[in-house]
Structure formats: structure tokens, C-alpha cells
Amino acid sequence: MKFKEKKTEEKVNKLLAKMTIREKIGQLRQPGVSLVGAFDVPFDELLNMMFDGKITEAEFHKMMANSKMDYRDEEVRCGDVGSFNGITGAEITAKIQENALKSRLGIPLLFGLDVIHGYSTVYPIPLALSGSFEPELYRRCAKMAADEASSVGVNWTFAPMVDVARDARWGRISEGAGEDPYLAGVFAANTVKGFQGENLEELSDGHHILACAKHFAAYGKVESGRDYNEADLSEQRLYENYLPPFKAAVDAGVATLMPAFNDINGVPCSVNKKLLTDVLRKDWGFDGFLISDANAIAECVTHGIAEDKKDAARQAVNAGMDMDMGSDSFFNNMESLVKEGKVKEETLDEAVRRILRVKFALGLFDRPFATSPEREKDTLGKKEHVDLVREAAEKSIVLLKNEGSVLPAKKKPKKVAVIGWLAGDAQQMYGSWVTPPVGSPSCSVVDALKDAKIDYEFTKGTRGSKLDKKGIDSALGDADLILIAAGEKKEESGEAASRGSISLKDMDLKIIEYVSKTRKDAVLLLFNGRPLDISGAVSKVAAILECWHLGSEAGRAILNVILGKVNPSGKITASFPANVGQCPIYYNHINTGRPAGRGKFTSKYLDIPVEPLFPFGFGLSYTTFAYLDLKADIKKDCFNISVKVKNTGKRAGDEVVQVYLRDMVASRVRPVKELKAFEKVHLEKGEAKELKFKIPVADMAFYPAGNVARYDDKITEPGLFKVFAGGNSKDVIETEVVLKR
């Protein structure tokens with residue numbers, strides 16, 4: 001969808017002509033609410049006190065509950081605010097919007113919120129959901145989230161995050177679609193369309209919201225997997241691996257983008273003109289607007305690229321930034337910058353024009369109040385929403401191991417031993433980036449067993465810092481199904497949650513080791529927001545279900561898979577390392593002159609494996625699949641590929657058929673495999689289907705050596721290509737095809 005239309009431009013220009021410089025600057029400002037009455041320190045400092053452990057999370061929320069919200073009424077009435085961050089509720093957003101309409105020009109506000117994987121009815125974290133390999137499911141989930149968010153007055157989400165992430169140490173890997181640029185692009189496009197709708201008519205219907213693709217760009221490449229760190233990479237790597245998902249979001253009509261905190265090769269994204277203007281607007285034709293990440297413009301001072309906030313504001317707006325989230329660098333300095341000639345008024349006008357353009361497209365001027373308390377009450381937690389997030393959770397679960405076909409449970413268990421505190425904590429099922437839900441409570445594994453009236457015995461497995469052997473022995477007793485829950489808290493992934501060690505915790509490993517001494521048929525349930533190093537547990541359990549953080553219906557979805565009501569079909573979209581020392585690790589690496597082999601002088605480690613524990617695209621089923629008759633030719637500038645897939649097991653199932661290509665000889669070294677197509681297919685027992693794929697030859701284009709002048713400056717070279725098809729990036733069949741001049 002395009003926002004720059006003739007009728008809209010006439011309205012925008014007419015309104016812009018009436019605006020004072022102060023009113024223009026107000027449109028560039030996004031503050032949050034001001035919190036007063038609970039404490040004598042600024043809100044940001046209070047947050048840091050909680051993060052640093054000086055106050056507990058409970059103490060923080062108590063202070064927040066006792067505070068008084070200052071909604072900046074006078075500033076809104078004066079036109080000094082263009083958007084608000086973090087405000088929800090049909091009643092309160094309506095009151096604030098009423099204030100905005102009382103301003104001299106009556107320009108309505110945008111209300112933004114991080115609706116990352118659901119507002120009230122929560123679906124799986126994006127890293128989990130992407131593993132369903134179902135584009136339509138991505139779209140349906142985002143559409144549901146938009147319906148709930150819009151019902152509480154939110155009309156803009158800071159999602160989807162489409163950063164390609166290849167380092168499991170980085171906590172924000174949980175928020176995106178993993179390590180592959182192609183899959184991340186599919187996820188980006190469909191999530192954008194789910195949030196915004198297919199066209200301007202749907203966008204303005206009051207049930208959709210603006211999307212914001214973030215973080216532009218290469219935030220997933222931060223050095224050492226440490227949040228907010230630098231990203232140092234070649235332009236070719238940037239353009240081939242990290243920009244394509246954003247291009248897919250722009251092509252899908254995304255209304256806004258958020259530049260990243262990090263710098264790229266020494267230039268912070270917030271002030272990177274080549275990125276924000278040359279690539280995004282000139283090369284891609286993006287006509288929405290840009291908002292900074294929280295305080296990111298002011299942080300250019302800390303980066304060391306700006307003298308002060310005024311200098312940072314100058315650089316950011318001249319680079320192409322339109323709206324400042326949280327730092328007031330624009331609001332406090334833009335007027336003087338214009339008067340001093342350091343920012344042209346035309347530059348300011350263009351930023352305002354882009355913001356107003358999107359506000360008109362959203363229908364805010366015609367319908368500033370898109371909801372009501374009644375709609376809010378009727379929308380949150382609707383049955384169809386709950387059913388959808390359960391479906392999404394079921395399709396996101398990945399079966400990593402199933403020795404002896406211990407799963408599914410052969411019959412309804414007589415008694416289930418449930419060990420590990422994560423199995424009983426419903427709040428942990430939400431994962432990171434969830435507003436305290438008000439519509440649908442979460443469901444733990446214990447809750448699900450209780451609802452299903454299945455006899456169970458639950459123990460955390462610990463007493464204080466010690467192993468609770470007595471409790472574990474009691475739970476094991478005569479249990480015919482053993483579930484061990486392990487992993488990480490929801491707070492241990494997401495923003496500001498980088499980890500130097502991604503192994504299972506010592507106590508988790510002790511529980512697994514203790515159980516394995518007497519029972520060899522235990523099922524490990526993993527709850528986590530990133531790939532974990534589970535090498536210490538793999539050999540000690542019979543089965544492993546990767547459950548991620550699955551959202552509101554986690555427990556019921558997990559139980560449905562365990563009991564065989566659902567045959568798992570999820571695949572992992574980020575490689576699981578065998579050791580943190582492998583990070584970053586990803587399937588589509590380039591070959592070296594000395595690929596890893598048995599000889600010492602090859603590219604490997606002396607003390608750990610070079611291969612991941614589980615590769616990209618991996619995931620088992622309760623049935624098995626065989627790949628046959630892979631064929632490929634090239635006609636009309638397309639790779640025409642066909643492959644037969646057969647269900648060779650004893651029950652129906654879904655398989656994600658993945659097609660990879662490799663350019664065998666090129667003027668720049670190419671990856672060993674690149675995902676270029678996939679399709680999920682349902683097969684009955686014994687059934688076989690032939691799948692056909694058309695992949696444009698242009699999809700194998702790459703950037704030549706040297707500086708990249710334009711995004712479209714790619715080349716495709718003739719020669720030999722390998723074609724691979726399989727159920728993951730490692731276990732494939734292959735053939736060859738030659739692209740002639």
C-alpha cells in the first residue's frame with residue numbers, strides 16, 4: 001500500500017500551510033506519560049534501579065500503582081504532542097484524543113505500543129511462531145492482535161521485529177524469525193499485512209493498526225551478541241543478509257520503520273543518511289515515516305558522534321528521521337536549529353508531511369475515536385482469539401527428539417509426574433514483551449492437566465538451592481508419563497537480556513541427571529526465548545519438546561501434542577549450538593578454503609563440534625517422511641524444481657518441505673545453502689505428493705565486490721547451481737542445474 005496519494009497530499013499540504021513551526025515540531029514528538037507522586041527520582045532512573053537489583057520488580061510495580069499519571073493535558077491542547085507511547089484503554093485514550101482535538105488545528109494523536117505477539121490474548125513469541133512455516137498463520141495472528149490493540153485505543157504497534165539473528169546470546173532473537181533472510185522476509189510481509197490489512201480501506205477500518213518494521217538495520221548482528229552493541233560488517237553482508245526482510249516489509253506496505261540503536265561501521269543508524277534516505281526512500285520508494293527507538297537520538301551523544309542533543313537532533317532529522325521517541329531532542333532544539341539554518345524548514349516540513357500522510361491514511365481525521373469501552377470489553381479474550389493462539393502454539397512446538405517413540409503417550413496416562421517449576425507457572429508462558437493481560441489468563445502445563453482431569457503429581461524439584469530428591473521420588477512413583485520442565489524465565493530473553501552462557505541451568509541439569517538414573521523415558525519440555533545449549537541433557541531423556549514461550553494457551557497446546565491429539569510440525573528457525581563457543585552459528589555460511597574435516601588444519605575447534613546440535617529447519621514428527629525424485633531445470637528465467645514427498649510412517653502428518661540453492665562458482669564466495677522456497681504439506685499415512693516450485697533466477701543475484709552504490713546493483717552469473725530439498729537444512733537430497741549465458 002502507498003500513502004502518497006493526490007487527494008491525501010492536498011489535505012496534508014493545506015494543513016501544513018496553517019501550522020506554526022512549534023506545531024510542526026510537536027508532530028515530531030512522542031513522549032510517554034509522566035509519572036508523579038510515587039517517588040522522588042525520574043522514571044528512567046527508577047527503571048534502572050530495578051534492572052540493577054536495587055529494588056525488586058514487585059517494589060517497582062507497587063510504586064507504579066501508587067503513582068499518579070500525568071497525561072500532559074496542557075501540552076496536548078497546545079499541539080506539542082504528535083504521538084503517545086505506552087497508553088492503553090478505550091476510555092483514557094479517548095480522553096487524551098479529545099484534548100488533542102481541542103488544539104488549534106485539532107490534529108489527532110497516534111497511540112503506540114509494543115504489541116509484539118498479542119495484546120491480551122497472547123500467541124507464541126515470533127521465534128516460535130516463525131517455526132510454523134505458515135505465512136497465513138503469521139497474518140492471522142497479527143490481525144487478531146490488531147483487533148485487540150485497536151479495541152483499547154492503540155493504533156500503532158512497534159512490530160514486527162525483522163532483524164536476522166544468528167547469535168543465540170542476543171536476547172532479542174526471541175522477537176524475530178531467526179537466522180534466515182528469506183524466511184524473515186516472508187514473516188515480515190505477512191505480519192505487516194495482518195496488522196495493517198491489505199489496503200488503505202482496511203487500514204482505516206478501526207480494527208487494524210499501523211505496523212513498524214524494526215530495527216533498521218543489522219541489530220541482530222551486534223558484536224558478541226550483546227544488546228545495543230556495534231555492528232561491523234561489509235556492505236555486501238548488510239545488503240544480502242540484513243536488509244532483505246525490511247525490503248519485504250516495505251513492499252508489503254509497512255507504514256513506519258524504526259532505525260536501530262546500534263551503529264553500522266561506526267555510524268549510528270539514527271543518523272545514517274545512506275540507510276534512512278538513500279536506501280529506504282530513494283532506492284525502495286518508502287513513503288511512510290521513521291520513528292527513533294527509545295532515547296536513541298540522544299544516545300548519539302554517548303556514541304560519540306554528536307556533541308550534545310541539539311547536534312544529535314540536527315544529524316538525525318537531516319539523515320531522514322521523522323519522529324523522536326522519548327528523548328525530546330527534536331522538541332527542545334528543532335526551532336533553534338531551523339532559525340540558525342542548520343536544519344532547512346523544508347526538511348522539517350517533509351518530516352511533518354510524512355507523519356500527517358500516515359495519520360490521514362489511518363483515518364484518524366475522519367474517525368479519531370475508533371473504539372469504546374464496550375468494544376474493548378467484547379473484544380479482549382474472545383473465544384475465536386483463544387482458539388487461534390492455541391492453534392498457533394500447537395504449530396510452533398518442535399519435537400527435537402523422540403527415542404523409542406515415547407511420544408505421543410500411548411493412552412491417557414494414569415499418572416503424570418511433573419517436575420520443574422516452569423511447568424506450574426502460568427505467567428512464564430507469556431514470554432517477553434507482554435503487557436499484563438486482562439482478557440485471557442495463561443495456562444501452564446499443570447493447569448492443562450488439571451483441566452483434563454488427568455492425575456498428576458507436581459514438584460518443583462528443588463527445596464531452596466538443593467535438589468528435592470524426596471519430592472522427585474514421590475512424583476515419579478508409579479507415574480507412566482514423566483515431564484521435566486526446564487529452560488529460562490521470560491525475563492531472561494528479550495531486550496537487555498543477552499547471556500554469556502546459554503546452557504541449561506545447573507539445577508535443571510541436576511534434576512535431569514537424577515531422574516535419568518531411574519527412568520529412561522522422561523520427556524523434557526523446554527521453555528525459552530532463544531536456542532539453548534542442551535547438549536548436557538540430550539542423552540539423558542527419551543524425548544524433547546521445544547515449547548518456547550507459547551502464550552496464553554501454552555499448557556493446553558503442549559498437552560494436546562503430548563497426548564497425540566496434535567502431531568507436531570514445527571521447525572526451528574535458529575540453529576541450536578552444541579556449545580556457546582560456536583556462536584554465532586547459522587546454516588547459510590560461506591565455505592572456507594579449508595572446510596571442517598577430519599584433518600587438524602581445517603576450519604574447526606579442537607574441543608567442541610563445528611556442527612550445531614540441531615540445524616536450521618529441524619523438527620521431527622510422529623510420522624516419517626521420505627524425499628524422492630528431485631528434478632530441476634531452468635526456463636523463462638526461473639528455476640523449475642519438483643520433488644516428491646511421501647509419508648512413510650503410521651499416521652497422518654504435516655511436513656515443511658524446504659528448498660535450498662547454492663551457486664557453486666561465483667566472483668564472490670557464496671553461501672553453502674540458501675533457503676529460497678518452502679511449503680507445508682499434509683500427507684495421510686502412505687500418501688505421496690509431488691510439489692513444484694518456481695524460483696526466479698534473480699533470487700540468486702548477489703552484490704559484487706566493492707562499495708554498494710544502490711540496492712538494485714546486483715548481478716546474476718551463469719554456471720553450476722546445486723538444488724537441495726529436505727525437511728531441514730542438513731538432511732537433504734540434491735541435484736544440479738546449469739544456468740547458461
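Just so it is clear, the structure is predicted and the values come from calculations on it, not from any experiment. (Residues numbered from 1 in each chain as written. Predicted model: local features only at pLDDT ≥ 70, side-chain atom pairs only at ≥ 80, totals over all residues. Heavy atoms only, no water.)

(A) The arrangement of the overall build of the chain in detail. In terms of helices and strands, the chain carries 23 helices and 27 strands. Taking 741 residues into account, the globule formula puts the C-alpha radius of gyration at 27 Å, and the chain, at 26 Å, falls close to it. In terms of overall dimensions, the chain has a C-alpha envelope of 75 × 70 × 45 Å along the principal axes. Scored against the burial criterion, the 741 residues of the chain give a buried share of 59%. Of the contacts formed within the chain by residues at least 6 apart in sequence, a portion of 77% connects residues at least 24 apart. (Helix = DSSP H or I, 4+ residues; strand = E, 2+ residues; numbered from the N terminus. Rg over C-alpha atoms; globule rule 2.2 N^0.38 Å. Buried < 20%, exposed > 50% of the residue type's maximum accessible area, 1.4 Å probe, protein only. Contact = heavy atoms within 4.5 Å.)

(B) Molecular detail of the side chain of E674. By the element assignment, E674 lies in strand β24 (residues 674–683). A relative accessible area of 14% means that E674 is categorised as buried. Residues in contact with E674, not counting those within four places in the same chain, are Y587, V659, Y660, L661 and M700.

(C) Looking closely at empty space enclosed by the protein. Under the counting rule described, the total for this entry stands at four cavities of 30 Å³ or more. Taken together, 21 residues line the largest cavity, and the ones lying closest to its centre are N155, L364, P368, F369 and A370. Partitioned by chemical class, the residues of the lining of the largest cavity number 10 nonpolar, 10 polar and one charged. For the second largest cavity, the calculated volume is near 100 Å³. Taken together, 13 residues form the lining of the second largest cavity, with Q27, G79, V81, S103 and I107 sitting closest to its centre. Of the residues belonging to the lining of the second largest cavity, the class tally is eight nonpolar, three polar and two charged. (1 Å grid on protein atoms, 1.4 Å probe; cavity = no way out; pocket = protein on both sides within 12 Å on 5 of 7 lines; lining within 4 Å. Points joined across faces, edges and corners; volume = space filled by probe spheres on them. Nonpolar A, V, L, I, M, F, W, Y, C, P; charged D, E, K, R; others polar.)

(D) Seen up close, the sheet that holds strand β20 (residues 543–546). Sheet architecture is open: six strands sit in the order β13-β20-β19-β18-β14-β15, paired in mixed fashion. Across the chains shown, the open sheet's two edge strands, defined by having one partner strand only, are β13 (398–402) and β15 (456–459). Along the sheet, successive strands turn relative to each other by an average axial angle of 15°, direction set aside. For β13 and β20, the ladder comprises four bridges, and the chain directions are antiparallel. Pairing of L399 across the sheet is with L545, part of β20. Helix-sheet contacts for helix α22 (residues 506–516) involve β14 (416–419), β18 (481–487) and β19 (523–527), and the interaxial angle to β18 is about 160°. (Pairing = 2+ DSSP bridges. Axes fitted to C-alpha atoms, helices over the stretch in contact; angles between N-to-C directions.)

(E) Examining the nonpolar core more closely. Among the nonpolar cores identified, the biggest contains 198 residues, and Y123, F216, L243, L257, M334, L400 and L525 are the most heavily contacted of them. With sequence-adjacent residues up to four places away left out, L400 is seen in contact with L526, I534, I544, E546, I572, F576, F614, F618 and L620. (Core = buried A, V, L, I, M, F, W, Y, C linked by side-chain atoms within 4.5 Å.)

(F) Region of interest: the pattern of salt bridges. Per the counting criterion, the structure on display carries 59 salt bridges. Two residues, R139 and E136, come together in a salt bridge whose shortest N-O distance is 4.0 Å. Note that R139 and E136 are positioned in helix α8 (residues 135–151) at a spacing of three residues, about one turn of the helix. Here E136 falls in the partly exposed class, since its relative accessible area comes to 47%. The salt bridge involving R499 is made with E488; its shortest N-O contact spans 2.6 Å. Here E488 lies in the loop between β18 and α22 and R499 lies in the loop between β18 and α22, a separation of 11 residues in the sequence. Just as R499 is buried, E488 falls in that class too. Overlapping salt bridges bring together E9, R281, D322, E350, R353, R354 and R357 as one network. (Salt bridge = Lys/Arg side-chain N within 4 Å of Asp/Glu carboxyl O.)

(G) Molecular detail of unusual backbone geometry. Backbone torsion omega between F216 and A217 reads 10°, so that peptide bond is classified as cis. Residue position: A217 is located in the loop between β7 (212–216) and α11 (235–242). At D629, a residue that is not glycine, the phi angle is positive and equals roughly 55°. Its location among the elements puts D629 in strand β21 (residues 625–635). Given a relative accessible area of 46%, D629 falls into the partly exposed group. In this structure, K636 is a non-glycine residue whose phi angle is positive, near 50°. Along the chain, K636 turns up in the loop between β21 and β22 (638–647).

(H) Highlighting helix α23 (residues 554–562). When you tally the buried positions in α23, you get eight out of nine residues, the bulk of the element. When α23 is considered as a whole, its buried residues turn out to be A554, G555, A557, I558, L559, N560, V561 and I562. Elements that come into contact with the buried residues of α23 comprise α19 (383–396), α20 (445–451), β18, β19 and β20. In the segment just after α23, G564 is the residue with positive phi, at about 85°.

(I) Focus on the sheet that holds strand β11 (residues 289–290). Taken in spatial order, the three strands of this open sheet run β7-β8-β11, and their pairing is parallel. Each edge of the open sheet is held by one strand with a lone partner, namely β7 and β11. Pairing analysis gives four bridges linking β7 to strand β8 (residues 256–259), with the strands arranged parallel. Following the sheet pairing, F216 is matched in β8 by P259.

(J) Quick look at the packing of α11 against helix α12 (residues 244–251). At a minimum axis distance of 5 Å, the contact between α11 and α12 shows a crossing angle of 45°. By the angle between their directions, the pair α11 and α12 is classed as oblique. Facing L238, Y239, E240, N241 and Y242 of α11, the residues of α12 in contact are P244, P245 and F246. Of the residues that constitute the contact of α11 with α12, the class distribution is six nonpolar, one polar and one charged. (Parallel < 35°, antiparallel > 145°, perpendicular 65-115°, else oblique.)

(K) View of the packing of helix α1 (residues 6–18) against helix α17 (residues 345–362). Two numbers describe how α1 lies on α17: the axes approach to 9 Å, and their chain directions differ by 130°. Considered as vectors, α1 and α17 are oriented oblique to each other. With respect to the hand of their crossing, α1 and α17 are arranged in right-handed fashion. When α1 is examined against α17, the residues T8, E9, K11, V12, N13, L15 and L16 are found in contact with a partner set consisting of D349, V352, R353, L356, R357 and F360. Of the residues contributing to the contact of α1 with α17, the split by class is six nonpolar, two polar and five charged. (Left-handed = near helix turned anticlockwise from the far one by under 90°.)

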